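Reading the structure
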Amino acid sequence: MVAHSSEFENIVVREEEQDELETLARKACPLEVKGGPTDKHGKISILIQVFISRASVDSSSLHSDAQYISQSLGRIMRALFEICLRRGWSEMTSLLLEYCKAVDRKIWPHLHPLRQFDRDISPEILWKLEERNVDLDRLYEMEENDIGALIRFSHQGRLVKQYVGYFPHVNLSASVSPITRTVLKVDLLITPEFVWKDRHHGMSQRWLIIVEDSENDTIYHSELFTLTKKMARGTPTKMSFNIPIFEPHPPQYYIRAVSDSWLHAESIFTVSFHNLTLPQTQITHTELLDLKPLPLSALGNKAYEDLYRFTHFNPIQTQAFHVLYHTETNVLLGAPTGSGKTISAELAMLHLFNTQPDMKVVYIAPLKAIVRERMNDWRHRLVTQLGKKMVEMTGDFTPDMVALLSADIIISTPEKWDGISRSWHSRSYVMKVGLMILDEIHLLGADRGPILEVIVSRMRYISSQTERSIRFVGLSTALANARDLADWLGVRDDGLFNFKPSVRPVPLEVHIQGYPGKFYCPRMNSMNKPAYAAICTHSPDKPVLIFVSSRRQTRLTALDLIQLAASDEKPTQFLSMADNSLDMILSQVTDSNLRHTLQFGIGLHHAGLNDRDRSLVEELFSNNKIQVLVCTSTLAWGVNLPAHLVIIKGTEYYDGKTKRYVDYVITDILQMMGRAGRPQYDQHGKAVILVHEPKKSFYKKFLYEPFPVESNLREHLHDHINAEIVSSTIGNKEEAIIYLTWTYLYRRLVVNPSYYGLEDTETYTLNAYLSRLVETTLEDLEDSGCIKVDDHSVQSLILGKIASQYYLSYLTVSMFGSNIGPNTSLEAFVHILSAAAEFDELPVRHNEDTLNRTLCKKVPYSVDQHHLDDPHVKANLLFQAHFSRAELPISDYITDLKSILDQ
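Residues numbered from 1 in each chain as written. Predicted model: local features only at pLDDT ≥ 70, side-chain atom pairs only at ≥ 80, totals over all residues. Heavy atoms only, no water.

Here the focus is the packing of helix H1 (residues 18-28) against helix H2 (residues 40-53). One can describe the packing of H1 onto H2 by two numbers: an axis separation of 10 Å at closest approach and a directional angle of 50°. Classified by the angle between their axes, H1 and H2 sit oblique to one another. Relative to H2, the crossing made by H1 is left-handed. Two secondary-structure elements touch here, H1 through Leu21, Leu24, Ala25 and Ala28 and H2 through Lys43, Ile46, Gln49, Val50 and Ser53. (Axes fitted to C-alpha atoms, helices over the stretch in contact; angles between N-to-C directions. Helix = DSSP H or I, 4+ residues; strand = E, 2+ residues; numbered from the N terminus. Parallel < 35°, antiparallel > 145°, perpendicular 65-115°, else oblique. Left-handed = near helix turned anticlockwise from the far one by under 90°. Contact = heavy atoms within 4.5 Å.)

Shown next as structure tokens:
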């Protein structure tokens, strides 16, 4: 097939070459030559095999033909391999990758793997190994002397053993958790097990990770994984991805890691479906009734009516109105973004102001940006118009006791409320909560979900202890398992509203486009022109939001759009204001990139901008002075700036912790899409999602089939159990198990046992699982010096009390306790402080290790030069720069410093 490539059309068969070709076919071609040396394609086939066999060619015409073929060969082989990989043919993909590497290395796949070290190991030894048919696995297990005896070169056994250790090998282990009946989540651990030598391995090694079903010869997932020299020495790398599963189940899937450049370097892990219990499908949607929209006068209170600018409630608000405004029932409202859920929550608040004006409303939002948005909105309406008192609790603001006691509305992030409600016995304002609103409650399954889970469980527990009922109102996007969440929140059937994703007040039209590009940056680049085309097609004169993954991408995307508009001879098509007012605005802008892009009607929005620039851009965009806003994904949650068209440019972001690109969670993408369509102005909204080609079918399937929300509490239980021991809620192991029965985790264990590693849902299995979970958690806390466990009771120690009061991880206080002594120097203190587990998540972006190297020279104490891309080393440098008042290299470092000082 390769011989028939159009690249080789010009090669001709010459009479004088026949003899030599026949000799070469006999001596240098292990594979059969179709058509023989007299045929054009036969000649090409011989020359390809001669190239791989490293045989020499005598005649000059053959030599130049061989040179010509060898230049294109690698490229053609890789193209064939890519085609098979994209089509998902597992056997052909493996075969072609094998031959791609054979061409690159000029070694046949049937030869011994150690031939790839042929510069260092003599041909005699390699022949002996091939003759004795000794594979790598056997060499791994043999001793040096035995290898020497086997190859009859006693002194060379050591050399062979040494190079077996250099041969790239990774160990795979995986755990599989079912998410729905058709989707499995795979957590893969990759552990390198070889000695890294720069001479053989360079700076990095690429591995192809493939999940295949060999029975159906199908690849269900493939991705490239780059193993760097540093990763090869450090801890195992974890990867997570989703794969489909079909009924009837195949007996197993294989996960393979195949080196992109080393022949025979591959590892395999078998995923057996023998004991896999799939969760039951139970999506219950509420039908949207055809009701007449309620007018504002239904509130029956002139002051309340004046809070709103519209005349009638929308269909979703109308359907839930009676339950929210006239009853005490707990409510779970699942509806798509942009369907007015916040106003629904306000109805429950107004009901509380009517019936129990002395009780407090607590509004919990998982992101600081949402808290800020709510503060700005309610400050204008509820505070000024109704005279209510409101306080904000985030990392930036911690109100005093008096403010909290007199506040009617407390707006908080989960962490802050968790910290405050831990010692609820002694805090009267925690017991005066009458209504708790939980916004974006589907984020229960995200990183910070465990905290959300704990505060709801705690507030329900407080309510049962004080016999004063707390009303819960949960708001979320459409849910797959609304019933479980409702049970946990104490919501009865009449309070459960779970509408389909399609019932938006403004209908949404979604276009998903796939782009090939193996590497992230070039692929993002290739999306700029389609993004510009989408603006011209779908929204030539209405507002457009473009979501990208990083601050750098906001800049690059905006510059490309400016260039594309200029080449269309419409450079200022996105700008709608006069020159003099533009100049006045530009003079107020501090960020130079923003100043440049605003001249063309394109705004930038990311966390690196200062507050003034940010609010200026928001104002310009919402007043239609600029048409396009390029922003990072966090804007989707924080600022309510809807647009007619939303473009999501790429669905991955760079995760500094794992040093690779990972996918956004589906909820983030739904949230971004939800910003399309402005209820007041548009008949419909449009969303264009530009994705990596292999993921296109995944997004088509799951954008409208919601994922169930699972609990993440199991991995984060230690700190919460410790806090409950300190507050005397838990005094022994039995009470710890009772505490767990209040959690959402307990509800999900029964529904999706395999996800949490349970064999079945028998009562005995469940009890044993909970006991084991409690025991291991208590043992870890005891080892870290936070608690003391006796036969019948559990008591908190001073370290545990400090951890709970200052909201620290048990690992952090344990590390502080064992490293700080009476003679600890200031330098050691800075090292210990920056090693805290709280800084694990500090982002270290691309190439920031070079910035850290420069920063090292400006600070008094030295840091570990070998780990400049480690979050803790970066935290150390930022602390030192802060204390020394040294200048920080870029604006990102200023926001990073702010985030570590918040801690």
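With that settled, the discussion passes to the sheet that holds strand E13 (residues 471-476). Read from one edge of the open sheet, seven strands run E10-E11-E9-E12-E13-E8-E14, paired in parallel fashion. Two strands in the sheet have a free side with no partner beyond their single neighbour: strand E10 (390-393) and strand E14 (496-498). Mean inter-strand twist for the sheet, computed between neighbouring axes without regard to direction, equals 15°. Where strand E9 (residues 360-364) meets strand E11 (residues 409-412), four bridges bridge the pair, whose relative direction is parallel. Paired with Val361 across the two strands is Ile409, which belongs to E11. With respect to the sheet, helix H16 (residues 414-421) is in contact with E9, E10, E11 and strand E12 (433-438), its orientation differing from that of E11 by roughly 120°. (Pairing = 2+ DSSP bridges.)

The set of residues buried in helix H23 (residues 579-586) consists of Leu582, Ile585 and Leu586. When H23 is viewed along its axis, its buried side chains cluster within an angular range of 95° and face the same direction. Residues Asn580 and Met584 are exposed on H23 and point more than 90 degrees away from its buried face. (Buried < 20%, exposed > 50% of the residue type's maximum accessible area, 1.4 Å probe, protein only. Arc of directions from axis to C-beta.)

With that out of the way, let us pick up the side chain of Arg115. Structurally, Arg115 is set in the loop between helix H4 (90-105) and helix H5 (123-132). Exposure remark for Arg115: the relative accessible area of 15% places this residue in the buried category. Once residues within four sequence positions are removed from consideration, Arg115 is found in contact with Ile107, Leu126, Trp127 and Glu130.

Moving on, we come to the domain arrangement of the protein chain. Partitioning the protein chain into domains gives domain 1 (1-108), domain 2 (170-272), domain 3 (294-498), domain 4 (508-703), domain 5 (713-811) and domain 6 (820-902). Taking only C-alpha atoms, the centre of domain 3 and the centre of domain 4 are 31 Å apart. Contacts between the two partners involve nine residues from domain 3, matched on the other side by ten residues from domain 4. Carbon and sulfur atoms supply 57% of the area buried between domain 3 and domain 4, which totals about 830 Å² over both sides. One can count zero salt bridges joining domain 3 with domain 4. Our enumeration of links across domain 3 and domain 4 arrives at zero residue pairs in polar contact (both at pLDDT 80 or more). (Domains from an automatic or database assignment. Buried area = accessible area lost by both parts, 1.4 Å probe. Salt bridge = Lys/Arg side-chain N within 4 Å of Asp/Glu carboxyl O. Polar contact = N/O pair within 3.5 Å; in protein donor to acceptor, adjacent residues only side chain to side chain.)

Attention shifts here to the sheet that holds strand E1 (residues 170-178). Judged by pairing direction, the sheet is antiparallel, and its three strands sit side by side in the order E1-E2-E5 without closing on themselves. Every other strand in the sheet has two partners, leaving E1 and strand E5 (237-244) as the edge strands with one partner each. Averaged over all pairs of adjacent strands, the angle between strand axes in this sheet comes to 25°, irrespective of strand direction. Across eight bridges, strand E2 (residues 183-192) lies against E5 in antiparallel orientation. By the bridge assignment for E5, Val183 is matched with Pro244.

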